[in-house]
Amino acid sequence: MIEPILTAQDVVLSFGETPALRGASVTVYRGEVLAVMGPSGSGKSTLLHCLAGIFTPDRGEVWYAGQRVDQLGEAKRTALRRTTFGFVFQFGQLVPELTALDNVALPLLLNKTSRRAAYPKAAAWFPRLSIDGLERRRTGELSGGEAQRVALARALVTGPDVIFADEPTGSLDSLTGERVMDLLVDSVRAEGTTVVLVTHDARVAACADREVVVRDGTVSDRHAVEVGG
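Residues numbered from 1 in each chain as written. Predicted model: local features only at pLDDT ≥ 70, side-chain atom pairs only at ≥ 80, totals over all residues. Heavy atoms only, no water.

1. A short note on the sheet that holds strand β4 (residues 59–64)
Strands sit in the order β2-β1-β4-β5 across an open sheet of 4 strands; the sheet is antiparallel. Two strands lie at the open edges of the sheet, namely β2 (18–29) and β5 (67–68), each paired on one side alone. Across 2 bridges, the pairing between β4 and β5 is antiparallel. Counted as the bridge partner of W63 is R68 from β5. Where helix α1 (residues 44–51) meets the sheet, its contacts fall on β1 (4–15), β2 and β4, and the angle it forms with β1 comes to roughly 120°. (Pairing = 2+ DSSP bridges. Helix = DSSP H or I, 4+ residues; strand = E, 2+ residues; numbered from the N terminus. Contact = heavy atoms within 4.5 Å. Axes fitted to C-alpha atoms, helices over the stretch in contact; angles between N-to-C directions.)

2. Side note on the pairing of β2
Within a regular strand, the side chains alternate between the two sheet faces. Here 9 bridges tie β1 to β2, and the two strands are oriented antiparallel to one another. Bridged to V12 within β2 is R22. Counting the residues in the hairpin turn of β1 and β2 gives 2 residues, including G16, whose phi is positive at 65°.

3. Points about the packing of helix α3 (residues 100–110) against helix α6 (residues 144–156)
As a packed pair, α3 and α6 sit with axes 7 Å apart at the nearest point and diverge in direction by 25°. What the angle tells us is that α3 and α6 run roughly parallel. Two packed elements cross with a definite hand, and for α3 against α6 that hand is right-handed. Facing α3, whose interface residues are A100, N103, V104 and P107, α6 presents V150, A153 and R154. (Parallel < 35°, antiparallel > 145°, perpendicular 65-115°, else oblique. Left-handed = near helix turned anticlockwise from the far one by under 90°.)

4. Observations concerning the confidence of the model for the chain
Of the residues in the chain, 95% have a pLDDT of 70 or more, and the chain-wide mean is 89. Below a pLDDT of 50 lies the segment residues 223–229, which in the model reaches 13 contacts outside its immediate sequence neighbourhood of four places, other chains included. (pLDDT = per-residue confidence, 0-100.)

5. Here we look at the environment of E135
Checked against the element boundaries, E135 lands in the loop between α5 (125–128) and α6. For the pair E135 and I54, spaced 81 residues apart in sequence, the C-alpha to C-alpha distance is 30 Å. Beyond its immediate stretch of four places on either side in the chain, E135 contacts T99, A100, L101 and F126.

6. Looking at the pairing of strand β8 (residues 194–198)
Of all 5 residues that make up β8, 5 are buried, and the element is covered over most of its length. Covered by surrounding structure in β8 are T194, V196 and V198 together with V195 and L197, the residues of both alternating faces. Of the pairings in the sheet, the one linking strand β3 (residues 33–37) to β8 comprises 4 bridges and is parallel in character. Across the sheet, the residue bridging to A35 is L197, located in β8. Direction of pairing for strand β7 (residues 162–166) relative to β8: parallel, over a ladder of 5 bridges. Bridge pairing in β8 links F164 to V196. (Buried < 20%, exposed > 50% of the residue type's maximum accessible area, 1.4 Å probe, protein only.)

7. Description of the nonpolar core
In this structure, V104, L129, L142, V150, L152, I163 and V188 are the most contacted members of the largest nonpolar core, which totals 39 residues. Residues in contact with L129, not counting those within four places in the same chain, are R149, L152, A153, L183 and S187. Counting 30 residues, the second largest nonpolar core, distinct from the first, contains V28, L47, V212 and V214. (Core = buried A, V, L, I, M, F, W, Y, C linked by side-chain atoms within 4.5 Å.)

8. What about helix α7 (residues 174–191)?
Taking 1.5 Å of rise per residue, the 18 residues of α7 would be expected to cover 26 Å, and the 26 Å separating its terminal C-alpha atoms lies within 8% of that figure. Listed as buried for α7 are G177, V180, M181, L183, L184, V185, S187 and V188. Structurally, α7 contributes buried residues whose contacts are with β3, α5, α6, β7, β8 and α8 (202–205). Where α7 starts, the residue carrying a side-chain oxygen 3.1 Å from the main-chain nitrogen of L175 turns out to be D173. Remark: G192 follows α7 within two positions and exhibits a positive phi of approximately 75°. (Expected span 1.5 Å × (residues − 1). Polar contact = N/O pair within 3.5 Å; in protein donor to acceptor, adjacent residues only side chain to side chain.)

9. Topic: the packing of aromatic side chains
One pass over the structure, following the stated rule, counts 5 aromatic pairs. An aromatic cluster is built from Y64, F85, F87, F89 and F164, whose rings are joined through pairwise contacts. Lying across the ring of W125, R128 places its NZ or CZ 3.9 Å from the centre. (Phe/Tyr/Trp six-rings, centres within 6.5 Å; stacked < 30°, edge-to-face > 60°. Lys NZ or Arg CZ within 6 Å of the ring centre and 35° of its normal.)

10. Some words on the side chain of S42
The residue S42 is located in the loop between β3 and α1 in this model. By relative accessible area, which is 4% here, S42 ends up buried. From its side chain, S42 meets the backbone oxygen of P39 in a polar contact 2.8 Å long. Discounting chain neighbours no more than four positions away, the residues touching S42 are A20, V214, R215, D216 and G217.

Have a look at this one:
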C-alpha cells in the first residue's frame, strides 16, 4: 500500500473577510503526481501554499511525513522549504542578476553546501533537462521554456521529497508547456519525487496520476490511476 506523505485535514483559511478554504481536505501519496484543478479564485493555489507551509491555516491540520507543518515555527517551516520541498512557479521567479547556473546552485548554497560541491551538482541538471550550453546566460537571455527548465532544475537540485508546482506552464505556449511537463514528469519519476501540481489546463492535468478539484474552498476527487501507470 502506498503511504501518504502529505495531508490537509479540514483546512480553513480566510484573508480578512474573504474565505479562501472552507474545510479543504486532501491526501497526497508518496511518489505520485497530483493535479489540483479548479477555476480561478477557487482556492487551489491557497491549498498548495498551506501544504507547503507558506500559509498557516486558521483551522485544520497539515501533516508532512508524520509532523504537523501548521504547528511548526517559521524557522522550521523555512528549513523545510529549503531542504525538503522544491518549488516551480508560473513565471519561474529566477533571480535576474544571476546566471542560469547560479540560479540552480542557489538553493544548495543557501543550505551551506560548498561552492566546490554545489556547482558541479547544479551543472549536472542542465543536460538532463536539455538546457546544456545555457549555464552562463542570464534570465533576460532565456526563452520562456528555457527559463522554466532552469526553474525546474533549481527545484530538483536539492533532491526534495516534494515539488510544489503552481501553474508551471501557465506562461508558455502549448508545445513548450508540453515539453516542460514531459521533462518534469520524467525527472520526478526518475528521482521518486512527489509532485503537487496546480493547474487549470486539462492537458497538463492529464500528465498526473490523480486529479482533485477545488471549488469554493473545498476539495473533491475527480480521477485516479495507479501511480507510475
